[in-house]
Amino acid sequence: KQEVTQIPAALSVPEGENLVLNCSFTDSAIYNLQWFRQDPGKGLTSLLLIQSSQREQTSGRLNASLDKSSGRSTLYIAASQPGDSATYLCAVYGGATNKLIFGTGTLLAVQP
Amino acid sequence: NAGVMQNPRHLVRRRGQEARLRCSPMKGHSHVYWYRQLPEEGLKFMVYLQKENIIDESGMPKERFSAEFPKEGPSILRIQQVVRGDSAAYFCASRKPGQANNEQFFGPGTRLTVL
């Protein structure tokens, strides 16, 4: 059974710092991996999707990497801003139906 | 091209009532997934439907919950005789058949509160 874990559960950094969020999964037979952002009481905003054949994706200050063999993904945020404060969710697409299996998230607070 | 639409955005029900949550997928998307986010918990898969078919309902509670995606109209997640433990955010996502990366696109969610 696929399990997705995110470390740390919470992170507080001063504005301007570069930071890394970690995601690990137990079954390397995934199709894709996707990072989302969720603001309190809001829906999901897709950040980056990495297909299983890819090793990384970049969008602006965000870079996500994928290492299927080790069951890990990282989300790198450069030059963090207070507006980056949110919960970041990692999810893997798996199984015959490609349902998403989510991690429990990392709550990020960027202090001005 | 409108995104995935869900309504209502907020729904309040008393214990024992029925809740109906609607999801209109993006244009051209015939696959719908429902997920539930309980307070202080992660998002969990509930059910996967294609038009007129339930493909995977392995995440659905065995009682009181049902889902459908008719040939015409939105997908409906129905919760009968709601209890306080059903209070959660319910998200649906849709995808296009045959899309290369199988990406799912999420709606804004319906927040159900059971009094």
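Above this note sits the structure.
Our subject in this report is the structure included herewith.

Conventions adopted
- Residues numbered from 1 in each chain as written.
- Chains lettered and ligands numbered in written order.
- Predicted model: local features only at pLDDT ≥ 70, side-chain atom pairs only at ≥ 80, totals over all residues.
- Heavy atoms only, no water.
- Helix = DSSP H or I, 4+ residues; strand = E, 2+ residues; numbered from the N terminus.
- Rg over C-alpha atoms; globule rule 2.2 N^0.38 Å.
- Areas by Shrake-Rupley, 256 points an atom, 1.4 Å probe, with all protein chains shown as cover.
- Lys, Arg positive; Asp, Glu negative; His and termini not counted.
- Charge placed at Lys NZ, Arg CZ, Asp CG, Glu CD.
- Contact = heavy atoms within 4.5 Å.
- Buried area = accessible area lost by both parts, 1.4 Å probe.
- Salt bridge = Lys/Arg side-chain N within 4 Å of Asp/Glu carboxyl O.
- Polar contact = N/O pair within 3.5 Å; in protein donor to acceptor, adjacent residues only side chain to side chain.
- Nonpolar A, V, L, I, M, F, W, Y, C, P; charged D, E, K, R; others polar.
- Buried < 20%, exposed > 50% of the residue type's maximum accessible area, 1.4 Å probe, protein only.
- Pairing = 2+ DSSP bridges.
- Axes fitted to C-alpha atoms, helices over the stretch in contact; angles between N-to-C directions.

Our next topic: the overall build of chain A. Counting its secondary structure elements, chain A contains zero helices and eleven strands. Reading the secondary structure of chain A in the N-to-C direction produces β-β-β-β-β-β-β-β-β-β-β. Radius of gyration (C-alpha) of chain A: 13 Å, near the 13 Å computed for a compact globule of 112 residues. Considered along the principal axes of its C-alpha atoms, chain A spans approximately 45 × 30 × 20 Å. About 5,200 Å² of surface is accessible on chain A, with carbon and sulfur atoms providing 49% of the total. In chain A, the 8 positive side-chain charges and the 8 negative ones have mean positions that sit 7 Å from each other.

Counting from both sides, the interface comprises 19 residues of chain B and, opposite them, 19 residues of chain A. Taken together, both faces of the contact between chain B and chain A bury some 1,500 Å²; the carbon and sulfur share is 53%. For chain B, the biggest contributors to the area lost against chain A are Leu43, Asn101 and Phe106 of chain B; these three give 30% of the whole. Seen at the junction of chain B and chain A, the total is one salt bridge. Across the pair Asp56 of chain B and Lys99 of chain A runs a salt bridge whose closest N-O atoms are separated by 3.4 Å. Our enumeration of links across chain B and chain A arrives at eleven residue pairs in polar contact (both at pLDDT 80 or more). When residues of the side of chain B that touches chain A are traced back to their parent elements, those giving at least two are β4 (31–37), β5 (43–50), β6 (53–56) and β9 (88–95) of chain B. Each residue belonging to the side of chain B that touches chain A can be placed in one class, and the counts come to ten nonpolar, five polar and four charged.

All right, on to the pattern of salt bridges then. Oppositely charged side chains may form a pair once their charged atoms are brought near each other. All names here are of chain B. In total, this model carries six salt bridges over all chains according to the counting rule given. Across the salt bridge formed by Arg64 and Asp86, the nearest N and O atoms sit 2.7 Å from each other. Linking Arg64 in the loop between β6 and β7 (65–68) with Asp86 in the loop between β8 (75–79) and β9, this pair joins segments that are 22 residues apart in sequence. Given the relative accessible area of 26%, Arg64 is considered partly exposed.

To continue, consider the sheet that holds strand β3 (residues 19–25) of chain A. Residue and element names in this part refer to chain A. An order of β1-β3-β8-β7-β6 is seen for the five strands of this open sheet, with the pairing classed as antiparallel. Strands at the two margins of the open sheet, each flanked by one partner only, are β1 (4–7) and β6 (56–59). With direction set aside, neighbouring strand axes in the sheet form an average angle of 15°. Judged from the four bridges that link them, β1 and β3 form a sheet pairing that is antiparallel. Opposite Val4, over in β3, you have Phe25 as the bridge partner.

Residues and elements named next belong to chain B. The strand order across the open sheet formed by four strands is β1-β3-β8-β7, and the pairing between neighbours is antiparallel. Each end of this open sheet is capped by a strand with a single partner; those strands are β1 (5–7) and β7. For this sheet, the mean inter-axis angle between neighbouring strands, taken without regard to orientation, is 15°. Where strand β3 (residues 19–24) meets β8, five bridges bridge the pair, whose relative direction is antiparallel. Bridge pairing links Leu21 to Leu77 in β8.

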